[in-house]
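# Architecture at a glance
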Amino acid sequence: MSRRGGRWTSHNKNFMPAELACFEQRCRARYPITEVLYNCPKCGGLLEAVYEKPAQSPDELKKLWRERRTSNAPLDQSGVWRYREFIPFLDDYSAVTTLREGCTPLLPAPRAAEYGGMDAIVFKHQGFNPTGSFKDNGMTCGAAQAVRLGMKRVACVSTGNTSASMAAYASAAGLQPIIFIPHGNIAFGKLAQALEYGAKTIQVEANFDQILALVRKLAEELGIYLLNSINPFRIEGQKTIMAEMLDQLDWRVPDWVVLPGGNLGNTSAFGKGLRELKEWGLIDRLPRLAVIQAEGSAPFYELMHRSDRSYLNAVGHPETLATAIKIGDPVSWPKALFEVETSGGVVEKVTEQEIADAKAIIGLSGIGCEPASAATLAGIRKLTNAGVIDKSGFIVAVLTGNVLKDPSYIHEYHTGVLKSPRGAQIRSSFENPPIVLRAESDVIAQFLGR
Ligand code: F0G
């Protein structure tokens, strides 16, 4: 919804007024949805999109969303825009570029369940997205808002996946993507994607948090639209991961949704999405959120395990081989804290060894994922052992990135040379190295066992 000449205008009769609102409960200032803002000008709080309740009943929405799965219309084929009544911030869909994001499967994984100490686990695999991560769900929305606002250049700071996704969506939408990444700290698959999708790629000698602080100032100065997860429209797109999950489950609510936590945008998005679905009457209870961090980059874990949760102690030098979640000063922590508390959720941390072994098990399940995603299974194993998660519970774990994002990690693990950031050897508990043999049939036959 845009506001022109002081009157709400809309091209869509089903459109509901949308606004930006300050997330801080003591402020809640509201702004037009078309203002270029990332923080509340009054109090500096995070912003979120807010809407009126939809005109349709919960059953009408569920039916409409299900029926769209048989449609060939591009918006309906998108696992984000199929749920457009749930994210009604646009008044005109001509600004949308879709690469058919979302539409990611729910995959039961008995072997992973056994490892995690559960009767059953279902993975919602966001690595099946067009650029291989959940960022595409958010980016189609962020790019649409950029086009709607008449922006020409978009930027992000990224541990890799955001940049790969932004590069693709910006280029597809005719925008110029500018990417800032921590030098030497991103998985090769992700850097390769950014280059291939045509992003101006700047490697900076600093960590994610330091670069983000820098770029936030620069974006304002240069009139570049920022597409980090501080951008509220990214969060709207990522909300649809929960809508799609529930749609695929015929609206049966899991006991737990487990996800890795880095900058905490996804935690914020899942929490907001689930709350809104409950407020709108599509579900009658909330799943509990379990957020898993890597031990060397776990400021949110530390915050959650403190009695005074009014501030976050940033980790100055975050460390983890799961580079996607190597973030010490997550910007969305106030939102994530609210969502975890509201859902009765928990935050856990896991070691490099635990991530590596859980990842190998997800691979052995025929599913595969990147290191950060495997923190979920490592966390589940820890939480079932501790009796926090009941083994017979209904659990969905979100695998955030594709197995091919970080091939060097895989090769090093399976050949026994993977080392933690501090140089400690990581045990290859499920090692599977390639074997070199001479080109002689006898040798090969003997190796395979006649
Ligand atoms: N998993 C993967 C594969 C990621 O790429 C990220 C974040 C996360 C989990 C954590 O999600 O930040 O919403 O808590 N990657 C960002 C990036 C930071 O720049 O690509 P979060």
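These numbers come from a predicted model, not from an experiment.

### Quick notes on the sheet that holds strand β5 (residues 47-51)
- Reading across the sheet, the three strands line up as β4-β3-β5 and stay open at both edges, with antiparallel pairing between neighbours. With partners counted over all chains shown, the strands left at the sheet margins are β4 (30-32) and β5, one partner each. Each strand axis lies, on average, 40° off the axis of its neighbour in the sheet, ignoring direction.
- For strand β3 (residues 18-22) and β5, the ladder comprises five bridges, and the chain directions are antiparallel. Bridge pairing in β5 places alanine 18 opposite tyrosine 51.

### As for the pattern of salt bridges
- This structure, assessed with the given rule, holds 27 salt bridges.
- Between arginine 68 and aspartate 76 there is a salt bridge; the shortest N-O distance is 3.6 Å. Neither arginine 68 nor aspartate 76 differs from the other in exposure class; each is buried.
- Linking arginine 309 and glutamate 341 is a salt bridge whose minimum nitrogen-to-oxygen distance equals 2.7 Å. On the criterion of sequence distance, the pair formed by arginine 309 in the loop between α10 (299-304) and α11 (333-342) and glutamate 341 in helix α11 is long-range, its members being 32 residues apart.
- The class for arginine 309 is partly exposed, based on a relative accessible area of 28%.
- One salt-bridge network, held together by shared partners, links Arg66, Arg69, Asp247 and Asp250.

### A closer look at the site of the ligand
- In the vicinity of the ligand lie 20 residues, with Thr162, Gly262, Asn263, Leu264 and Thr400 positioned nearest.
- In this structure, an oxygen atom belonging to the ligand sits 2.7 Å away from a main-chain N or O atom of glycine 262.
- Summarising the interface, the protein chains cover 99% of the accessible area of the ligand, which totals 470 Å² for the free molecule.
- Within the residue set of the shell around the ligand, elements represented by two or more residues are α5 (161-173) and α9 (265-279).

### Some remarks on the nonpolar core
- By size, the foremost hydrophobic cluster in this structure holds 102 residues, and its most contacted members are Trp81, Phe89, Tyr225, Phe270 and Phe300.
- In terms of residue count, helix α8 (residues 232-248) provides more of this core than any other element does, seven residues in total.
- Grouped together as the second largest cluster of nonpolar side chains are 41 residues, Ala109, Trp256, Ile292 and Ile380 included.

### A short note on helix α1 (residues 58-67)
- Turning to α1, its buried residues are Leu61, Lys62 and Trp65. The buried residues of α1 occupy an angular sector of 100° when projected down its axis, which confines them to one face. Residues of α1 that are exposed and angled more than 90 degrees away from the buried face: Asp59 and Lys63.

### Remarks on the sheet that holds strand β15 (residues 395-399)
- Strand order in the open sheet formed by six strands is β6-β7-β15-β12-β13-β14, with mixed pairing between adjacent strands. Looking at the sheet topology across the chains shown, the edges are occupied by β6 (106-108) and β14 (346-350). With direction set aside, neighbouring strand axes in the sheet form an average angle of 25°.
- Looking at chain direction, β6 and strand β7 (residues 122-125) are connected through three bridges and run antiparallel. What sits directly across from leucine 107, in β7, is phenylalanine 123.

### Considerations on the environment of glutamine 145
- For glutamine 145, the position within the fold is in helix α4 (residues 135-148).
- On a C-alpha basis, the gap between glutamine 145 and asparagine 231 in space is 10.0 Å, while along the polypeptide they are 86 residues apart.
- Setting aside residues up to four positions removed in sequence, glutamine 145 forms contacts with Ile33, Thr34, Phe89, Leu90, Tyr225 and Phe233.
- Of note is the side chain of glutamine 145, whose polar atom sits 2.9 Å from the side chain of arginine 148.

### Remarks on the side chain of glutamate 276
- In this fold, glutamate 276 is placed in helix α9.
- Here lysine 272 takes part through its side chain, which lies 2.8 Å from a polar atom of the side chain of glutamate 276.
- For glutamate 276, the contacting residues outside a window of four places in its chain are Ala49, Phe86 and Lys239.

### Remarks on the packing of aromatic side chains
- Enumeration according to the criterion identifies 10 aromatic pairs in this entry.
- Taken together, a centroid distance of 6.3 Å and an interplanar angle of 55° make the contact between tryptophan 65 and phenylalanine 86 tilted. With tryptophan 65 in helix α1 and phenylalanine 86 in the loop between α2 (74-77) and β6, this pair connects stretches of sequence that are 21 residues apart.
- Ring centres 6.2 Å apart and planes at 80° place the aromatic pair tyrosine 115 and phenylalanine 430 in the edge-to-face group. Taken together, the residues span a long stretch of sequence, with tyrosine 115 in helix α3 (residues 110-116) and phenylalanine 430 in the loop between α14 (407-414) and α15 (441-448) at a distance of 315 residues.
- For tyrosine 115, a relative accessible area of 14% puts it in the buried group.
- Ring pairing ties together the aromatic residues Trp65, Tyr83, Phe86, Trp251 and Trp280, which thus form one cluster.

Reading the values: the criteria
Residues numbered from 1 in each chain as written. Predicted model: local features only at pLDDT ≥ 70, side-chain atom pairs only at ≥ 80, totals over all residues. Heavy atoms only, no water. Pairing = 2+ DSSP bridges. Helix = DSSP H or I, 4+ residues; strand = E, 2+ residues; numbered from the N terminus. Axes fitted to C-alpha atoms, helices over the stretch in contact; angles between N-to-C directions. Salt bridge = Lys/Arg side-chain N within 4 Å of Asp/Glu carboxyl O. Buried < 20%, exposed > 50% of the residue type's maximum accessible area, 1.4 Å probe, protein only. Near = heavy atom within 4 Å. Polar contact = N/O pair within 3.5 Å; in protein donor to acceptor, adjacent residues only side chain to side chain. Areas by Shrake-Rupley, 256 points an atom, 1.4 Å probe, with all protein chains shown as cover. Core = buried A, V, L, I, M, F, W, Y, C linked by side-chain atoms within 4.5 Å. Arc of directions from axis to C-beta. Contact = heavy atoms within 4.5 Å. Phe/Tyr/Trp six-rings, centres within 6.5 Å; stacked < 30°, edge-to-face > 60°.

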